[in-house]
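Observations on the model geometry
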Amino acid sequence: MRTLPPPPLLKTCFWVCLGHAVVPVANCKREKYSSQPKENKIFSEFLDYWQNYIESDYSENLDSFYLKDWHFSRDFPNYKAYETPCVFTSDWLNEFWDSKADNDDYRFVYMGPKGSWTPFHADVFRSFSWSANICGRKKWIFYPPGEEENLCNKYGHLVYNIDSAELSDAKLYPNYSKVKSRLEVIQEAGEIIYVPSGWHHQVHNLEDTISINHNWLNGCNVDICWQYIKNNLLQVQHEIADCREMEGWDDQCQLILNATVGIDYDEFLRFMEVISENRINQLQNHLLLVTDQFDGEPKEQNTDKNPPLDKYFVDKIEVLKTGVSSAADSKCLTPSGRCKMTEGQINHCVFDLQSVKDILHDMILTQEFCHLNNCKNRANDLIKTIDTLFNSIAKKIVCTNPSS
């Protein structure tokens, strides 16, 4: 049974409000440079195509167009179509991109007919992703990190279609016989798929399908992202090694890195600065409010039911490196004015700042990073700022809880 509305109703629902939008559409029956070629279409024209394709019973003689990577939230900011599920709201990637002037993001809408699909890949920056089916069914094929090495041909290129007969050619894919793990999942309407960092996957629409997809990073996988960027710089350096003696070679490598991956070392440092600044501001505002609360007022005695924040902060800081307190606490991780934070929100901010510190320490130990103008000084300054804040919180909270 079709999970979408009947075609005329489908067209009417979307065309009235959104029909004029320009949307990116991929042709699933064509391959160009190991990807599906894309073109921009008017949304109403795509709906006309989709209706005709359904009525043709998905004719093999027609192209299979798939609307994908539509920045719907960016293009229609006042159209509140959905809210991000609570467990996915600790989202550094979109928090950073929302702060940039280029008006970009990693929040997407996908719409495709039965038979449309996405080739084998891993997500941008080795981020997490989540995909919610509004209607329709998808088949996901997953391979855990490391297996992709066995799914490359003798030239080092990743297979385009994981179900390709070419994989059985041992001369072309010499390591395919070493593959051990393959996971298939059928996603129904109303279900959400979570994709961990570095898991390569291929996706097929088993029915006419509409889905919402986000890519995101946070303190739990930012180290994987940073390692991915470093690995790609090594590949760039290898490719232009014969030009190493040229003036500005390091800067040229960064330009190529940005062009191929979408970010360079300087912008990644700015990424860490924005995430830190937001959390530092929150903690500082909370600290001011907590301190003001006790000025000229009797100090309450501590109880086991309400443990002092300094004890929580000092005793737990190492533990916080391993995880986040609760998903609900991540909802307040963007500046929203001066308001007292819950213990869980403090937990989350401290965890995020500690995760940033770990990355900054590794950046400073990376030779190519230190070659870039002023980047090492910026990283060191940010580490000092975070450490100063940690010490300030511990000292001031102790002052407001002298009996602890």
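This one's a predicted model, so the numbers in the text were calculated from it and none came from an experiment. (Residues numbered from 1 in each chain as written. Predicted model: local features only at pLDDT ≥ 70, side-chain atom pairs only at ≥ 80, totals over all residues. Heavy atoms only, no water.)

**Remarks on the nonpolar core**
Membership of the largest hydrophobic core comes to 56 residues, with the highest contact counts inside it found for Ile 229, Phe 268, Met 272 and Leu 360. Breaking this core down by element, the ones donating at least two residues are helix H4 (92-98), strand S4 (107-112), helix H5 (222-239), helix H6 (249-261), helix H7 (265-294), helix H9 (343-364) and helix H11 (375-400). Broken down by element, the residue count for this core peaks at ten residues, all from H7. For Phe 268, the contacting residues outside a window of four places in its chain are Val 222, Cys 225, Trp 226, Ile 229, Ile 263, Ile 359 and Met 363. Residues Tyr 53, Phe 65, Trp 70 and Cys 135 belong to the second largest nonpolar core, which totals 21 residues. (Core = buried A, V, L, I, M, F, W, Y, C linked by side-chain atoms within 4.5 Å. Buried < 20%, exposed > 50% of the residue type's maximum accessible area, 1.4 Å probe, protein only. Helix = DSSP H or I, 4+ residues; strand = E, 2+ residues; numbered from the N terminus. Contact = heavy atoms within 4.5 Å.)

**Thoughts on the sheet that holds strand S5 (residues 117-121)**
Across a sheet, strands are paired by hydrogen bonds formed along the backbone, either parallel or antiparallel in direction. Here four strands make up an open sheet; going across it, the order is S5-S10-S7-S8 and the pairing antiparallel. Here the strands that pair on one side only, and so sit at the sheet edges, are S5 and strand S8 (183-187). The mean inter-strand angle of the sheet, taken between neighbouring strand axes irrespective of direction, is 15°. Here five bridges tie strand S7 (residues 138-143) to S8, and the two strands are oriented antiparallel to one another. (Pairing = 2+ DSSP bridges. Axes fitted to C-alpha atoms, helices over the stretch in contact; angles between N-to-C directions.)

**Some thoughts on the sheet that holds strand S6 (residues 128-135)**
Pairing is antiparallel across the open sheet formed by seven strands, whose spatial order is S2-S1-S3-S4-S11-S6-S9. Single-partner strands in this sheet number two, and they are strand S2 (38-42) and strand S9 (192-195). Ignoring strand direction, the axes of neighbouring strands in this sheet form an average angle of 25°. For S4 and strand S11 (residues 209-216), the ladder comprises six bridges, and the chain directions are antiparallel. Bridge pairing in S11 places Arg 107 opposite His 214.

**Observations concerning unusual backbone geometry**
Unusually for a residue other than glycine, Asp 57 sits at a positive phi of about 60°. Relative to the helices and strands, Asp 57 is located in the loop between helix H2 (43-55) and strand S3 (65-70). One non-glycine residue, Asp 69, adopts positive backbone phi at about 60°.

Any link to function would need more than the numbers given here.
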